[in-house]
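# Fold and contact review
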Amino acid sequence: MLGWLGNVFIIAGLWGVGDKNRRALWFSMAGEVCYIIHCYLVKDWAIFAAAWIFLFMVVRAYVKWGQ
């Protein structure tokens, strides 16, 4: 269930970023956190590592927005 919720949040975040809305990155962050929790629970370590990398990239994009 958390994987699907993560998908919804990530898609909502991408939609908002396409409209140049910085706050939409919060949806992407929430989606990646959902994926991290889901992958930890099901022991899917490859996607778990990838989700951490993507979370780092989204946080970096949030910080660098407008610079």
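All of the points below concern the structure found in this document.

The rules we used
- Per chain, the residues get numbers from 1 upward, laid out in the order the sequence is written.
- Owing to the predicted nature of the model, reporting of local features is limited to residues with pLDDT of at least 70; listing and counting of side-chain atom pairs is limited to 80 or more, with chain, interface and lining totals taken over all residues.
- In computing side-chain properties, one takes all heavy atoms of the structure into account and sets aside hydrogens as well as water.
- Where helices and strands are cited, they refer to DSSP runs of H or I of at least four residues and of E of at least two residues respectively, numbered from the N terminus.
- For a helix, the expected span equals 1.5 Å multiplied by the number of residues minus one.
- Only protein chains enter the accessibility calculation, which uses a 1.4 Å probe. A residue is then buried if its area is under 20% of the maximum for its type, exposed if over 50%, and partly exposed in between.
- Working note: the arc is built from the helix axis to C-beta atom directions.
- Note on contacts: a residue pair qualifies if any of its non-hydrogen atoms lie within 4.5 Å across the two residues.

### Observations regarding helix α3 (residues 45–64)
The end-to-end C-alpha distance of α3 is 29 Å, a good match for the 28 Å that 20 residues give at a rise of 1.5 Å each. Taken as a whole, α3 has its buried residues at A51, L55, V58 and Y62. The arc that holds the buried residues of α3, viewed along the axis, is 65°, so those residues lie on one side. Seen from the buried face of α3, the exposed residues on the opposite side, beyond 90 degrees, are A46, F56 and V63. Here the buried face of α3 lies against α2 (25–42). Downstream of α3 by one or two residues, G66 has phi in the positive range, about 85°.

### Things to note about the environment of K20
Take K20: it is sitting in the loop between α1 (2–18) and α2. Since its relative accessible area comes to 72%, K20 is described here as exposed. Between the alpha carbons of K20 and W65 there is a distance of 10.0 Å; along the sequence they are 45 residues apart.

### Remarks on unusual backbone geometry
Glycine aside, residues mostly have negative phi, and peptide bonds are mostly found in the trans state. In this model, K20 sits at a positive phi of 60°, which is unusual for a non-glycine residue. Even without glycine at this site, K43 takes up a positive phi of about 60°.

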